[in-house]
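Per-entry structural report
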Amino acid sequence: MSKVKLDEIDHQILDMLIDNTRTPFTDIAKKLLISAGTVHVRVKKMEEAGIIKGSSLTLDYVKLGYAFIAYVGIFLEKTHQTKFVLERLQQIPYVTVAHITTGKFNIFCKIRAQDTTHAKNIIFKIDDIEGISRTETMISLEESINDKKRLMHTIFNELG
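This text gives an overview of the structure that appears in the document. Note that the coordinates shown come from a computational prediction; the quantities given were computed from them, not determined experimentally. (Residues numbered from 1 in each chain as written. Predicted model: local features only at pLDDT ≥ 70, side-chain atom pairs only at ≥ 80, totals over all residues. Heavy atoms only, no water.)

Glancing now at the pattern of salt bridges. Any two side chains of opposite charge can pair, on the condition that their charged atoms come close. Per the stated rule, a full pass over the model turns up 10 salt bridges. Asp 10 serves as the salt-bridge partner of Lys 45, at 3.2 Å between the closest nitrogen and oxygen. Taken together, the positions of Lys 45 in helix H3 (residues 36-48) and Asp 10 in helix H1 (residues 8-19) put the pair 35 residues apart, joining distant regions of the chain. Judged by its relative accessible area of 38%, Lys 45 falls in the partly exposed class. Here Glu 87 ties to Lys 83 by a salt bridge, and the two come within 3.9 Å at their closest N and O atoms. Pair noted here: Glu 87 and Lys 83 are both in helix H4 (residues 82-90), with a separation of four residues, about one helical turn. By relative accessible area, which is 36% here, Glu 87 ends up partly exposed. Taking the relative accessible area as the measure of exposure, Lys 83 reaches 61% and is therefore exposed. Salt bridges sharing partners connect three or more residues here, namely Asp 7, Asp 10, Arg 42 and Lys 45. (Salt bridge = Lys/Arg side-chain N within 4 Å of Asp/Glu carboxyl O. Helix = DSSP H or I, 4+ residues; strand = E, 2+ residues; numbered from the N terminus. Buried < 20%, exposed > 50% of the residue type's maximum accessible area, 1.4 Å probe, protein only.)

Listed below in structure tokens is the structure:
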């Protein structure tokens, strides 16, 4: 897979969109002294190349009543059950992230819940999935760093 070549204008467009995905193309164009059409064409090119994959919405889960975060390490009976278990995890909407991992766990996932009782029910649901031998849960006391923007800015600075 070859890397896509981005120029300085592309980097600047991405930089602004990283900070605020809702920035109008006209505002980006004014700041970069180019036309809004140019911004549109370049963003479309980056979407087609797979560099930009949609845009995201950041929610305040605490205000929505889902402040509880836990990480669940899953041990499988057999590794060939991984796909089946991931399909079942996908059916539990409170499982927000799942990774196939090396090391101690076969799968490591993040859950979001309203409180400890709700989290317990989610974990019991996970435990009931066929193919899971056991789980280990770690409760998040505080999400101290959740900043994808720093990584994206660093990547683009390294490319430049």
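Here the focus is the nonpolar core. Of all hydrophobic cores here, the largest spans 19 residues; its most connected members are Ile 74, Leu 89, Ile 111 and Ile 126. Among the elements of the structure, strand S1 (68-76), H4, strand S3 (107-113) and helix H5 (116-127) are those that each provide at least two residues to this core. Top element by residues in this core is S1. It accounts for five residues. Core analysis: the next-biggest nonpolar cluster, separate from the first, contains 14 residues, Ile 13, Leu 17, Ile 28 and Val 43 among them. (Core = buried A, V, L, I, M, F, W, Y, C linked by side-chain atoms within 4.5 Å.)

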